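# Coordinate analysis (summary)
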Amino acid sequence: MRPSRTRRALAVSLLVALAAGGSVLAGPAQAAPSPSRSAYTTIQAEDHNRMAGVQLEPTQDPSGGGQNVGWAANGDWIAFDGVDFAAGGSSVTARVASAAGISGHVEIRLDAVSNAPVARIPVSSTGGWQSWVTRSAAMTTTTGVHTVYVRFSSAQAGDFVNLNWLSFTRAPAVPVRDAYRTIQAESFSAQQGVLTEPSGDTDGTPTLSYVAGGDWTRYDGVGFGTAGAGRLDVRVASGAAAGVSGAISVRLGSTTGREIARVTVAPTGGWQAWRTLSATVDGTTGTHDVYVRFESAQPADFTNLNWFTFVPRSTTPPTTPPPTTNPITGPALFDDFSYTSSSDARLAQRGWTVRTGGGGPGVGAPVWDRTKVTFPAIPGGQAMQLDASTNGSTARNTEVYHQRKFFEGTYAARVYFTDAPTYGPDGDQVNQTFFTITPLAYANDPQYGEIDFEYLSNGGWGQSGPAMFETTWETYQPDPWVAQNQHSVQARSFAGWHDLVMQVSGGRVTFFIDGTQVAQHGGANYPETPMSINFNHWFIELTGGSAERNYLMQADYVLHAKNQVLSPAQVNQAVAAYRSAGVAHTDTV
């Protein structure tokens, strides 16, 4: 039995007010308090600095917290000093419970408890004073350090809500360009002296043209991360006369800033005769405005520029090329993904299906959208790109798969994984996957089989952060869920390009990432029937709010050597042999 105040049904408003002063009464704002806690961690209600009208009680909330604030009625409040919003908070979330039979709001006020609200969280009966739910609302972007007042408001008298905790969400960061994705030259933020024209290059995008010494372009907010860039690749063409040459100087901060890379450009045989040139980068990290400065001792135009990109220091390939003798001695599939679009007729002719329609896996009433499968240019060729997007309620996923005719031997792909969306808020649990599968015909089908590389950039399946899963399957039952499988996991980021290899032979499946063995499975989970080769990109959970956002993964190539075990080094050798021979696709399986 709860002591003291009586609860009555009433409309509820939870007001969260921010005050720069330390006073708990309405009045002039005072100096901002010193920071003592981050706005972006869970703030337990019982940890308030001051209060009016409320009491504490033990909480039964399964989300945790020793006590909750209770007996909150209109005009009551609690205050938290020194809450640091840093560069900006944009929404508030509260954990509430109510047995009142009415509804209302919770509000946010700035500078003093009597100021106008800047956010309001609807609250109504949850079915009990310990029946907890999470409610959120948008908030006027707030920066700096403040005293946060949580004020409980209603048009009716009486207790109406319990509060266990609250938290705030950062405002979306200003987007930056990913240094390790292709940066189209025509996407400059500013320029001097250059023009653009249609391109005859493989990606079909416009290019910079009529480029001469003294011209420059600027690209704002290029993010190099913490690993550092090790190489610059530029896509150039030049029809300049004999003796006309120049250099592309890449600098930080200004046209005279620190030079991080320099590429010499000579005539390539024509203004649309495209070549990819490379240069070493000094390990640049952080986020910078990048200037591309064009230098030449001659006054004539000397180059066109289509795109440029950086390669992380950790994945910079050796300068000595691998041998080009192909170690594959039997039937094989190799595809370099040199297609024009997801509607390219050669995809179906070569056994590939771009998935459409609905159905699982995944949440958000998934739709498999073929338009989100593209084939952009990357340094050295093309890649197959699979995008996945969501607005928080519906999901548009992608999948491309081959025929069911592959069994024992070696499977390999070079895959580009990402840790953040290309635009929109981050936080969704996405699955970026390279796998083989025999579909499940019925629950516990013994002929079912599956071998997976699955990268979860935002966690999931018991992982709170980025993780790579390797899984082999015997079978499963969907309802109720019962799985017979074996998995291994590496709990770290795998953002960037990685070489994935699966050896399937002799009752063992052995997994390699970048030449290092990371797992070996076998026994009942070893496959028993022919499988298809698949790439897909889908959502496990949607947790990023209602703003539209998009994630991507890419595959540089796929390879299968039937009934032959290849080491990771032999896989690289085979790929180099196909490419040096000009083979973009072969399938003799």
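First things first, this report covers the structure right here in the doc. (Residues numbered from 1 in each chain as written. Predicted model: local features only at pLDDT ≥ 70, side-chain atom pairs only at ≥ 80, totals over all residues. Heavy atoms only, no water.)

### Notes on the overall build of the protein
Of the regular secondary structure elements, the protein holds two helices and 45 strands. Reported as C-alpha extents along the three principal axes, the dimensions of the protein are approximately 90 × 70 × 35 Å. When each of the 589 residues of the protein is scored for burial, the buried share is 52%. Sequence-distant contacts in the protein: of pairs separated by 6 or more residues, those separated by 24 or more amount to 76%. When the accessible surface of the protein is split by element, carbon and sulfur atoms take 51% of a total near 23400 Å². Taking the average place of the 37 positive charges on the side chains of the protein and the average place of its 47 negative ones, the gap between the two points comes to 4 Å. (Helix = DSSP H or I, 4+ residues; strand = E, 2+ residues; numbered from the N terminus. Buried < 20%, exposed > 50% of the residue type's maximum accessible area, 1.4 Å probe, protein only. Contact = heavy atoms within 4.5 Å. Areas by Shrake-Rupley, 256 points an atom, 1.4 Å probe, with all protein chains shown as cover. Lys, Arg positive; Asp, Glu negative; His and termini not counted. Charge placed at Lys NZ, Arg CZ, Asp CG, Glu CD.)

### Focus: the pairing of strand β13 (residues 159-170)
With respect to burial, β13 is a largely interior element, 10 of its 12 residues being buried. Sheet analysis places strand β3 (residues 43-44) next to β13, joined by two bridges and oriented antiparallel. Within β13, the position partnered with Gln 44 by the bridge is Trp 165. Summarising the sheet, strand β8 (residues 89-98) and β13 pair through eight bridges and their orientation is antiparallel. (Pairing = 2+ DSSP bridges.)

### Side note on the pairing of strand β35 (residues 409-417)
The element β35 is largely enclosed, with a buried count of eight among its nine residues. As paired elements, β35 and strand β44 (residues 549-562) share eight bridges and run antiparallel to each other. In the strand pairing of β44, Thr 410 is matched with Ala 561.

### Quick notes on the nonpolar core
Counting residues in hydrophobic clusters, the biggest one holds 37 residues, and the most contacted among them are Phe 224, Leu 232, Ile 248, Phe 294, Leu 305 and Phe 310. At the level of elements, β18 (207-211), β19 (216-223), β20 (229-238), β21 (246-252), β22 (258-265), β24 (287-295) and β25 (303-312) are the ones that each hand at least two residues to this core. Those residues in contact with Phe 310 that lie beyond four places of it in its chain are Ala 179, Tyr 180, Phe 224, Ala 229, Arg 231, Leu 232, Val 250, Ile 260 and Val 281. Phe 337, Val 373, Phe 417 and Val 504 belong to the second-largest nonpolar core, a separate cluster that totals 36 residues. (Core = buried A, V, L, I, M, F, W, Y, C linked by side-chain atoms within 4.5 Å.)

### Quick word on the pattern of salt bridges
In total, this model carries 19 salt bridges according to the counting rule given. Among the ionic pairs, Arg 355 bridges to Glu 399, the shortest N-O distance being 2.9 Å. Of this pair, Arg 355 sits in the loop between β27 (353-354) and β28 (357-358) while Glu 399 is found in strand β34 (residues 395-401), placing the two residues 44 residues apart along the sequence. Each member of the pair, Arg 355 as well as Glu 399, carries the same accessibility label: buried. Three or more residues are tied together by salt bridges with common partners; here these are Arg 251, Glu 259, Arg 262, Arg 293 and Glu 295. (Salt bridge = Lys/Arg side-chain N within 4 Å of Asp/Glu carboxyl O.)

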